[in-house]
Amino acid sequence: MRPLRVPLDGTPRRDGHELGPADGALTGLSRPAPLLRGRAAWREKAVGAAVLVGITLMWLGVLVEAPGRLGLVLCMAAIGLLAVALGLRSPIVACTYLLVTTFFRLAVPSGTLPVDPFILAFAGVIASIWLWSRPWERRLTDVHVDLLTCAIGLYIAWNLLSMVTPHALPAGDERDPQAFSVLRFVLIGTAMPLTMFLVGRRLFVTERAIRVLLWSVLAAAAYSAAVSVLQFAAPQVVWPRYIGENPSWPDRAVGVFNQPVVNGLVLVVGFLVGVLIACNDGERPALRALAGVVAVASVYAVYLTHTRVAWLAFGLVVLCGVGAARGFRSVFVLVGAAIVGAVLANWSTFTSADRDAGGVGSPDEIQDRLNNIATSLWAFPREPISGWGIGRFTAVNTYHHQQWSPAVPWQRGFGIASHLDSLGILVELGIIGLALWLAIFVLVYTRLVRATRRLPADGMYGRALGLTALFCLVAQTVTGLTVDLRFFDFPNIMVMVLAGAVIGHQQQQAHLAEPRSSADGPATGAVPAGDMVAG
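Overview of the structure. Here the structure is a predicted model, which is why all the values come from computation and not from measurement.

1. Points about a nonpolar patch on the surface
Taken together, the side chains of Val340, Leu344 and Trp347 make up a nonpolar region of the molecular surface, amounting to roughly 340 Å² of accessible area. Position of tryptophan 347 relative to the elements: it lies in helix H13 (residues 347–350).

Next up, the structure:
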């Protein structure tokens, strides 16, 4: 029986030889093995041809829109083809493309290009993983589908069924001149984040792959922190331009998402990842210092959001870190003490209604949400099973707006989207949709907690990684209590990929620890390399 060894780079090996998919190893960053002749060859050619045709059509559309810029179009086409080739060669690169395009989605308005870049990136992730895992080489009996995967599949299907079913009210806000795309809403808020959870669980299982993911998240948080500060310090140099010139909330740090609550969530996650890396003794000192700088900048940027739920989420994860972050608890203790000291020193300002100065006493947003809740409680009994239809909450809140109590002005929260994830799902998708969503929610939490407890106590890729992902999920949950996160893709994808990565990494470590002989084939419980939905 030959022992398994996992060196510092995270690539599983046996007797010095790197394990591949044929050995049952989930290598994450390993490039696809050469495709077999025959059926495999035409599949590879078909995917390559389809991608080439798609890219060609897209750039022909750009050329039609800008006929005088042939040189620019050709240059961009060459860069695009190179990016596609790299993405198809490595699923990790394809996932990085998706993170970048969703992060800057608002910076490239819909209609600027014939196809939105994030849609191309998501399709590229699916194609790259399909090529990498080679499912045509697997038998149907090799595919293991667990309860969580079933719940995700059923929930996405329920969203799609609601999309194609006729409903009494129109989707979106009729007062908005821009047409509301239900398919885009389902893709952004549901299909992409949940699919990327499965991708994270299947793909980001080695230390090398997780390291790429962590630094990608940290880079996004660093950019969010920079533009949050520059929005007030030097708005003329900020890009995207709407941050400095026309932010939705001029007195709050809105970030690239033009939304302070979502910007706050990204900053909280950036703080957590920055602390994780900065406290890793195995990282190079310069990179640890850089991660520490991003973590500190994220703390200040969270304050600049002047958003109570962002502050609440940040305070809660700091409190969780003080209680549970063994090995790097001192950072959370220091940050928590600084926050408490700052609040106590400015207590009168903190409890005032002046949001610009950092006060939390403003009643307007609370009244919005109270009327929002009243409308949800009115709407649910009238369409309890299948709901009013996906994307219809705004219409319900316009035609059937309700008042929480006589003390709350009726006009507060009129015609706005749901500001509570679960109630928005309940109204739009009924009790079936909410039950499926809660099942996913509970299963992700329980499996993440279980994976965290089973990881080694020491090292950045041990229990500290699991706690970081768990704290990020807590921050996302708290944020979802005051804003409908289904309108935003990047924050959800970021958190869900991290959660999936921890679960997959723990499963990978357990799989590598199982002794087996080469003649026995994959060990009992081993995950076939072609199974994207292993659990």
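The discussion continues.
2. With respect to the packing of helix H16 (residues 421–454) against helix H18 (residues 490–513)
Packing of H16 against H18 leaves a shortest axis separation of 9 Å and a crossing angle of 45°. Here H16 lies oblique to H18, going by the angle between them. As H16 packs across H18, the resulting crossing turns out to be left-handed. On H18, the residues touching Val444, Arg447, Leu448, Ala451, Thr452 and Arg454 of H16 are Met496, Ala499, Val502, Ile503 and Gln506. Residue composition of the contact of H16 with H18, grouped by class: 7 nonpolar, 2 polar and 2 charged.

3. A closer look at empty space enclosed by the protein
Evaluation of the coordinates by the stated rule reveals 2 cavities of 30 Å³ or more. Size it by volume and the largest cavity reaches roughly 60 Å³. In terms of lining residues, the largest cavity is bounded by Thr102, Phe103, Arg105, Leu106, Val256, Phe257, Phe488, Asp489, Phe490 and Pro491. Counting residues per element, the ones that place at least two in the lining of the largest cavity are helix H3 (91–103) and H18. By residue class, the composition of the lining of the largest cavity is 7 nonpolar, 1 polar and 2 charged. Taken together, Phe180, Phe185, Gly391, Phe393, Thr394, Ala417, Ser418, Glu428, Asp484, Arg486 and Phe487 form the lining of the second largest cavity. Broken down by class, the residue content of the lining of the second largest cavity amounts to 5 nonpolar, 3 polar and 3 charged.

Criteria and cut-off values
- Residues numbered from 1 in each chain as written.
- Predicted model: local features only at pLDDT ≥ 70, side-chain atom pairs only at ≥ 80, totals over all residues.
- Heavy atoms only, no water.
- Patch = residues over 30% accessible without salt bridge, like charges linked within 9 Å, V, L, I, M, F, W, Y side chains within 5 Å.
- Areas by Shrake-Rupley, 256 points an atom, 1.4 Å probe, with all protein chains shown as cover.
- Salt bridge = Lys/Arg side-chain N within 4 Å of Asp/Glu carboxyl O.
- Helix = DSSP H or I, 4+ residues; strand = E, 2+ residues; numbered from the N terminus.
- Axes fitted to C-alpha atoms, helices over the stretch in contact; angles between N-to-C directions.
- Parallel < 35°, antiparallel > 145°, perpendicular 65-115°, else oblique.
- Left-handed = near helix turned anticlockwise from the far one by under 90°.
- Contact = heavy atoms within 4.5 Å.
- Nonpolar A, V, L, I, M, F, W, Y, C, P; charged D, E, K, R; others polar.
- 1 Å grid on protein atoms, 1.4 Å probe; cavity = no way out; pocket = protein on both sides within 12 Å on 5 of 7 lines; lining within 4 Å.
- Points joined across faces, edges and corners; volume = space filled by probe spheres on them.

Honestly, that's just the spatial picture; any functional story needs more than this.
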